[in-house]
Amino acid sequence: MNQQDEVIKQARALLEHDERINLHPSPIEISVCEGSLIIKGEVENLTTKRRALQLLRNKSMTGINKLIDQLMVKPAEHRGDGALRDALCQALLADSTFHNCTLLARVKTGAAQELEQRGFETWQQADREPSGLIKISIAAGTVGLEGKVPTPSHKHLIEAMSWWLRGCRNVENKLEVDPAREETDGELSDALRLILEKDRFVEADQIRIDIQNRVMTLYGFVATRKEKERVEANAWSLSSIAEVINQIEVRKLEV
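Source: prediction; values computed, not measured.

**Here's the deal with the sheet that holds strand 1 (residues 28–33)**
Ordered by their spatial adjacency, three strands build an open sheet running 1-2-3, and the pairing between neighbours is mixed. The outermost strands of the open sheet, each flanked by one partner alone, are strand 1 and strand 3 (66–73). The average angle at which neighbouring strand axes cross in this sheet is 15 degrees, direction not considered. Note: strand 2 (residues 36–43) against strand 3, eight bridges, orientation parallel.

**Some points on the packing of helix 4 (residues 152–164) against helix 5 (residues 185–198)**
Where helix 4 meets helix 5, the axes come as close as 9 Å, and the angle between the chain directions of the two elements is 40 degrees. Taken together, the axes of helix 4 and helix 5 lie oblique to each other. Our pair here, helix 4 against helix 5, has a crossing hand that is right-handed. Along its contact with helix 4, which presents Pro152, Ser153, His156, Leu157, Ala160 and Trp164, the element helix 5 presents Glu187, Leu188, Asp190, Ala191, Leu194, Ile195 and Lys198. Tallied by class, the residues present in the contact of helix 4 with helix 5 amount to eight nonpolar, two polar and three charged.

**Brief notes about the confidence of the model for the chain**
Taken as a whole, the chain shows an average pLDDT of 91; of its residues, 95% reach a score of 70 or greater. No element of the chain has a lower mean pLDDT than strand 5 (residues 115–117), which averages 54, and none a higher one than strand 11 (residues 207–212), which averages 98.

**Structural notes on the domain arrangement of the chain**
Assigned domains of the chain: these are domain 1 (3–73), domain 2 (81–177) and domain 3 (185–250). Put simply, the middle of domain 1 and the middle of domain 3, counted by C-alpha atoms, are 24 Å apart. With six residues of domain 1 at the interface, the matching set in domain 3 holds eight residues. Between domain 1 and domain 3, a total of about 630 Å² is buried, with carbon and sulfur atoms accounting for 49% of that surface. The tally of links from domain 1 across to domain 3 stands at one salt bridge. Between glutamate 243 and arginine 51 there is a salt bridge; the shortest N-O distance is 2.6 Å. For the side of domain 1 that touches domain 3, the residue count by class is one nonpolar, two polar and three charged.

**With respect to the side chain of glutamate 232**
Along the polypeptide, glutamate 232 turns up in helix 6 (residues 225–236). Residue glutamate 232 is classed as buried on the basis of its relative accessible area, which comes to 9%. Setting aside residues up to four positions removed in sequence, glutamate 232 forms contacts with Arg20, Thr47, Leu218, Val244 and Asn246.

**Things to note about helix 6**
In this model, helix 6 (twelve residues) spans 17 Å end to end at C-alpha, consistent with the 16 Å of a helix rising 1.5 Å per residue. Taken together, the buried positions of helix 6 are occupied by Glu227, Lys228, Val231, Glu232, Asn234, Ala235 and Trp236.

**Describing the state of the cysteines**
Enumeration according to the criterion identifies zero disulfides in this entry. As a non-bridged cysteine, cysteine 101 has cysteine 89 as the owner of its nearest cysteine sulfur, 13 Å distant.

**Brief notes about the pairing of strand 7 (residues 132–139)**
Extensive coverage of strand 7 is indicated by the burial of six of its eight residues. For strand 7 and strand 8 (residues 142–149), the ladder comprises seven bridges, and the chain directions are antiparallel. Bridge pairing in strand 8 places alanine 139 opposite threonine 142. Two successive antiparallel strands, strand 7 and strand 8, enclose a turn made up of two residues, where alanine 140 displays a positive phi of approximately 50 degrees.

Cut-offs and rules
Residues numbered from 1 in each chain as written. Predicted model: local features only at pLDDT ≥ 70, side-chain atom pairs only at ≥ 80, totals over all residues. Heavy atoms only, no water. Pairing = 2+ DSSP bridges. Helix = DSSP H or I, 4+ residues; strand = E, 2+ residues; numbered from the N terminus. Axes fitted to C-alpha atoms, helices over the stretch in contact; angles between N-to-C directions. Parallel < 35°, antiparallel > 145°, perpendicular 65-115°, else oblique. Left-handed = near helix turned anticlockwise from the far one by under 90°. Contact = heavy atoms within 4.5 Å. Nonpolar A, V, L, I, M, F, W, Y, C, P; charged D, E, K, R; others polar. pLDDT = per-residue confidence, 0-100. Domains from an automatic or database assignment. Buried area = accessible area lost by both parts, 1.4 Å probe. Salt bridge = Lys/Arg side-chain N within 4 Å of Asp/Glu carboxyl O. Buried < 20%, exposed > 50% of the residue type's maximum accessible area, 1.4 Å probe, protein only. Expected span 1.5 Å × (residues − 1). Disulfide = S-S within 2.5 Å.

As structure tokens, then:
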């Protein structure tokens, strides 16, 4: 067995032995090219995607110096890129968090290798002193986010709202926080708290968050397993989180 085959074997074993990753309904292709480990496929949900990436990033493999993520999430329903753009922009316009941010959006069309980039449409023009500039690009179910926002909570909330879109397959979040600073555990906790409060499918006041060195542990009680999984997915939507440990219990909530 050559070195590349050994690396692929190690990577696949890591994924197969994690109980939260089911490779049967969500096959993941693993390959090696010029020192890069490439993972590709369509997985069931965001938790599976982030967990797979986390496992492989933390594993030292001979000859590998880069991980290339080409994983997509299977959409809850198939929607056109224009519909995704409209839904996300309308959600942002309706949210007071972004009332002073300039909002631009476009849909990319054309072949995957040579995408035609249409000009950005202005959905919201902020005041003379805007708190942020958000540029949204949609291509083949992937939401691209660029620009500047005032806080980490803004950056992470937009990503979570993008993942909530029925039809979203991936999110590439390149938003910058301005002024730039190192993100703290406290800011990550605040960001998730805001996301949970905005999520109408979650009882946010039943959830407790503990975070140490970007490892986030979730406690509390929810009514269904689906709600427990949604809270965890919201936590994983914070792309700078290192790990999510879900200790939430499923039991009927007191009215």
